[in-house]
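Geometric and topological summary
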Amino acid sequence: MSPLNKERWHRFKKNRRGYISLWLFLCLFLMTLPAEFLANDAPLMIRYDGDFYFPVVKEYSELEFGGDFDISAEYTDPYLAGLINEKGWMLWPPIPFDYSTRNSNLTQPAPSPPSDVNWLGTDDQGRDVLARLIYGFRVSVLFGLMLTIATSIIGVAAGAVQGFYGGKIDLIGQRLLEVWSSVPTLFVLIIIASMVTPSFWILLVILLLFGWMALVGVVRAEFLRARNLDYVMAARALGVADRTLIFRHLLPNAMVATITFVPFVMVSAITSLTALDFLGFGLPPGSASLGEMVSQGKNNLYAPWIGISVFVALALLLSLLVFIGEAVRDAVDPNRTR
Amino acid sequence: MSDVVLSIKNLSVAFRQEQALRTVVEDLSFDLLRGETLALVGESGSGKSVTAQSILKLLPEHSAVYQSGSIEFGGENLLASSERALQRVRGNKISMIFQEPMTSLNPLQTIEKQLFESLMLHGKATQRERARPKIVQWLQRVGIQDPQRRLSSLPHELSGGERQRVMIAMALVNEPDVLIADEPTTALDVTVQAQILRLLKQLQHDFNMTVLFITHDLNIVRSLADRVAIMQSGKLLEVGDQTQVFASPQHDYTGMLLSSSPGEPPPHISDQSDVLLKVEELNTWFPIKAGIFKRTVDHVKAVNNVAFELRHGETLGVVGESGSGKTTLGRSILRLIESRGFAGYGREQSNLFELDRKALKTLRREIQIIFQDPYGSLSPRMSVSDIVAEGLRVHERLTASEIDERVVAVLEKVRIDPDARHRYPNEFSGGQRQRIAIARALILKPKLLVLDEPTSALDRSVQKDVIELLKSLQSEYGLAYIFISHDLEVVRAMSHKILVMYRGVVVEAGSAEDLFTRPTHEYTKTLLASVNSPL
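Just so you know, the residues in each chain are numbered from 1, in the order the chain's sequence is written. Chains carry letters and ligands carry numbers; both start at the beginning, A for chains and 1 for ligands, and go up in the order they are written. For this predicted model, a pLDDT threshold of at least 70 governs which residues receive local features, and a threshold of 80 or more governs which side-chain atom pairs are given and counted, while totals over whole chains, interfaces and linings are taken from all residues. Only hydrogens and water are set aside when side-chain values are computed; all heavy atoms of the structure are taken into account.

If you look chain B up in an unreviewed UniProt entry, it shows as ABC transporter ATP-binding protein from Gilvimarinus gilvus. In its Sequence similarities (unreviewed entry) section, UniProt records this for chain B: "Belongs to the ABC transporter superfamily." UniProt positions are given in the numbering used here, feature names are shortened, and annotations may be inferred rather than shown by experiment.

By the naming in an unreviewed UniProt entry, chain A goes by ABC transporter permease and is assigned to Gilvimarinus gilvus. Under the UniProt heading Subcellular location (unreviewed entry), the entry covering chain A gives this text: "Cell membrane".

And the structure:
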């Protein structure tokens, strides 16, 4: 690590709030990443008749456990569970539901309040709120991460080309951007949603299509400024090729500005996904999503555990990202490095 | 004459850095006498500006710590005064002018308003209409032409010299007892500098004012100051009568500072050596565009019809004020800026301006440039060895160990410890950085170096080292230099031939000796005069 980056890392660590937020976020992300092992309606491991079974990673037929029909095993079924427990044991994940499992043994009508089975209660279809939160959190973060990486790559590339070559390329590029960014994204999404059922990937592509402009301005400005710096001029006078010039001298400059924005871009990506889900134009019905839970919370105000849980989860996620973003911004602020 | 106006006793100032304190001014004491000019002299980082700003407690409060000492003025200790009391002193009893006239005026307000403000703040005026005659009178006094009409001008409508005049008017409108001038002419051209210095001297005489003049330019000190105080790394080395200090310095460092003229003129080169570069009718024009179709209506003739010849081992000095086109000339020859004309290079006399990309790339290694700002010209993200080796990686196919060998060799040539090659530029001083920049150019074994004010950002003593290095490299490798500078002493020490540029045109050209001893053009004469005696 160059001394400059070392100093930045040092400054980032000195911002306690941002540093703790980063660790907290990483913990939450790494915990929810293997969500199937945390919340699932199939056991992690089964010992049956001297053999080991792993239902989380592989589907088994009921026949293997002495059932009557050749259908995939329902481990929550008391009959099947009884059969397995007779000749072995089952190891359940901490939350024995996945995001779509309906708890059919509710003591109260759904949505049911928190109990020792459903720690955060269930939603109006009897699905476990905590399990849905875990899966929803994972989808949101992954979506945000992918969208951020993709928008950054495209945005930086477009900004770099415009800023480096300037002139006509810049002029045309800027006008195209202005036209493109005035397309109403939401209406386009509604139209597309009426033609195809939007999936994770379709949503990603559409949001990317209309969201990649976020970083262009910053990178372009940074390139316009930096291409006349003395050390870039010196490299040019040495005969360094354009491509090397961009990658070795100009991009590191622009990356500072870009990195500052990345956490905030991610925040906005997650917010967009949540908003679309809330409106019903997002992920297909039934999938785990924070936005869909917000809308459930709104429709079931008398069941406050839904709304409060999802609010806390969203607020935590977005605040952590904003705190990280602030710490990063302070750490790489060029006015302080000079 | 000899009563003390302001007295600094045992002043120590430190800056808070992380947890530690870094002392920048240490145990400093001197007195300012009524009506005198005291010049505070020192190299960059010696603490002279910090001293000046401490007097009015202008240093940033959260980082500066006044460790000890007192600053007595009018029976009060300024360091112990309340902010309110200080506000009555600032701009009223003690005024200050700063180095950069561009940034020390508010760009959004008229000069009348800014002048009125300093009157109003100290209760000397309440209505702008009533204050107007006084404002006009002061603008006239500082030499602004047609002051009545200029009242509503904004700072960007004024030239650099005029801005500094307005700054002086603002500082003096309340007729202070003490004026602190922090390098007030460093950002100005020499001819303008002379006018401003004359003005300051006149005003000081008229108002019997005490001036604390901070500078690093010894020519100014010699012609302006009554007494001199020499500072080095936060400590005051000596204070004394100007003539006495200059004649018999008490301290070694003072002697070194006074004697560090940039050196003797270079040795003659033989008339037989071949012509390396022959430039004719070089024009660099920037179009001025107007209208919706951006038609070119006129041109800014940054470099207009310039011609010269340069032989192997020869230095061509290019002299001129800011905006005269000397930097553009240098960059045009490197084709960093597009221009027209003829620049025959080498034995084949191929025109530099008509080369295609490929031919240009091979020539890039023979023509190199060194920039003014040693801080900006090295990428902060690359290690010294990467910076120096960059040209090699472009032009030659070498293994990593061969590159390393060449880097070590060239760093030794410019007297940088090769063991330090894996460090980053921020660990080096200005002079060392400039050497690294020279090493970067030198590693390709160029034939022509364009030196764009390579010593202007450096202290006098460091300047001398760099110039000696450049000269020894020239005699060793037969390099040809195009040496661009506004500093005539440095140019004299470097150049065989000189071009004097004024507004894009060469007004005088000839051998350095002739030009310095027998200038013919009026502009050259004023330029030389204002350097030799700034007053």
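**Describing the packing of helix H5 (residues 129-165) of chain A against helix H11 (residues 242-279) of chain A**
Residue and element names in this part refer to chain A. Only the contacting stretch of a helix is used when fitting its axis, a line to C-alpha atoms as for every element, and angles between N-to-C directions run 0 to 180 degrees. Helix and strand definitions follow DSSP, with helices as H or I runs of at least four residues and strands as E runs of at least two, each counted in order from the N terminus. Where H5 meets H11, the closest approach of the two axes is 7 Å, and the angle between their N-to-C directions is 145 degrees. Considering how the two elements wind past one another, H5 and H11 form a crossing that is right-handed. When residue character is reported, Ala, Val, Leu, Ile, Met, Phe, Trp, Tyr, Cys and Pro are called nonpolar, Asp, Glu, Lys and Arg charged, and the others, Gly included, polar. Broken down by class, the residue content of the contact of H5 with H11 amounts to 18 nonpolar, six polar and one charged. Should the near helix be turned anticlockwise from the far one by less than a right angle, the crossing is left-handed, and should it be turned clockwise, the crossing is right-handed.

**Observations concerning the UniProt feature "transmembrane region" (unreviewed entry) in chain A**
Summarizing the sequence annotation, UniProt attributes the feature "transmembrane region" (unreviewed entry) to residues 141-165, 177-194, 200-219, 254-282 and 302-328 of chain A in the numbering used throughout. This span, residues 302-328 of chain A, is 93% helix and 0% strand, and a straight line between its end C-alpha atoms measures 41 Å.

**Section: the sheet that holds strand S3 (residues 88-91) of chain A**
All names here are of chain A. Pairing between strands requires that DSSP locate at least two bridges from one strand to the other. Spatial ordering of the open sheet is given by S2-S1-S3, a layout of three strands whose pairing is antiparallel. Edge positions in the sheet fall to strand S2 (51-53) and S3, since each of these pairs with one other strand and no more. Averaged over neighbouring strand pairs, the angle between their axes works out to 15 degrees when direction is ignored. Relative to S2, strand S1 (residues 45-48) runs antiparallel, the two sharing three bridges. Across the sheet, the residue bridging to Ile46 is Tyr53, located in S2. In this description, contact between two residues means that some pair of their heavy atoms is separated by no more than 4.5 Å. Across the sheet, helix H4 (residues 78-86) touches S1 and S3, and the angle it forms with S3 is around 120 degrees.

**Here's the deal with the pairing of strand S16 (residues 367-370) of chain B**
Residue and element names in this part refer to chain B. Exposure categories follow from relative accessible area, calculated using a 1.4 Å probe and restricted to protein chains: below 20% of the type maximum is buried, above 50% is exposed, and the middle band is partly exposed. Covered by surrounding structure in S16 are Ile367 and Ile369 together with Gln368 and Ile370, the residues of both alternating faces. Of the pairings in the sheet, the one linking S16 to strand S17 (residues 448-452) comprises four bridges and is parallel in character. Looking at S17, one finds that Gln368 is bridged to Leu449.

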